[in-house]
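Residue-level listing of the chains:
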Amino acid sequence: MPFWGLQKQLGIDVDSWLVRQSMPQPYSSAAACHAFDREWVECGHGLGQTRARRECQLEYEDFMECMNRTKM
């Protein structure tokens, strides 16, 4: 934990570009792919990176289809 919140003081948010779901949503409604993102995160939670890549591949593919809109 930092001693002071430099991002907050400067009014910037460097971390929000990592995941589109973490950005403030208009009208406070959930993002379109929020459910897929949540399923993927819940699947991989506590498994470790290597094991989560194998076991959560289906959830990740669903999430990427929603983000890229490839299978609509």
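Refer to the structure printed above.
Here goes a summary of the coordinates provided. (Residues numbered from 1 in each chain as written. Predicted model: local features only at pLDDT ≥ 70, side-chain atom pairs only at ≥ 80, totals over all residues. Heavy atoms only, no water.)

**Describing a nonpolar patch on the surface**
The grouping of Leu6, Leu10 and Ile12 at the surface amounts to a nonpolar patch, some 300 Å² of accessible area in total. The topology assignment puts isoleucine 12 in the loop between helix H1 (6-10) and helix H2 (34-44). Residue classification places isoleucine 12 among the partly exposed residues on the basis of a relative accessible area of 46%. (Patch = residues over 30% accessible without salt bridge, like charges linked within 9 Å, V, L, I, M, F, W, Y side chains within 5 Å. Areas by Shrake-Rupley, 256 points an atom, 1.4 Å probe, with all protein chains shown as cover. Salt bridge = Lys/Arg side-chain N within 4 Å of Asp/Glu carboxyl O. Helix = DSSP H or I, 4+ residues; strand = E, 2+ residues; numbered from the N terminus. Buried < 20%, exposed > 50% of the residue type's maximum accessible area, 1.4 Å probe, protein only.)

**Side note on unusual backbone geometry**
In this structure, arginine 69 is a non-glycine residue whose phi angle is positive, near 55 degrees. You can call arginine 69 exposed: its relative accessible area is 59%.

**Side note on the state of the cysteines**
Taken as a whole and judged by the stated rule, the model has 2 disulfides. A sulfur-sulfur separation of 2.0 Å characterises the disulfide bridge that pairs cysteine 33 with cysteine 66. Taking the sign of the S-S torsion, about -90 degrees here, the bridge from cysteine 33 to cysteine 66 comes out left-handed. Of this pair, cysteine 33 sits in the loop between H1 and H2 while cysteine 66 sits in helix H4 (residues 57-68), and the two are 33 residues apart along the sequence. The exposure classification of cysteine 33 matches that of cysteine 66, with both residues buried. Bridging cysteine 43 to cysteine 56, the disulfide has an S-S length of 2.0 Å. Sign of the S-S torsion, about -90 degrees for the bond between cysteine 43 and cysteine 56, identifies this disulfide as left-handed. Pair noted here: cysteine 43 is in helix H2 and cysteine 56 is in the loop between helix H3 (49-55) and H4, with a separation of 13 residues, a long-range link. Cysteine 43 gets classed as partly exposed once you look at its relative accessible area, which sits at 21%. Of note for the protein chain: the bonded cysteines, numbered N- to C-terminal, pair according to 1-4, 2-3. (Disulfide = S-S within 2.5 Å.)

Function-wise, these values are silent; they only describe arrangement.
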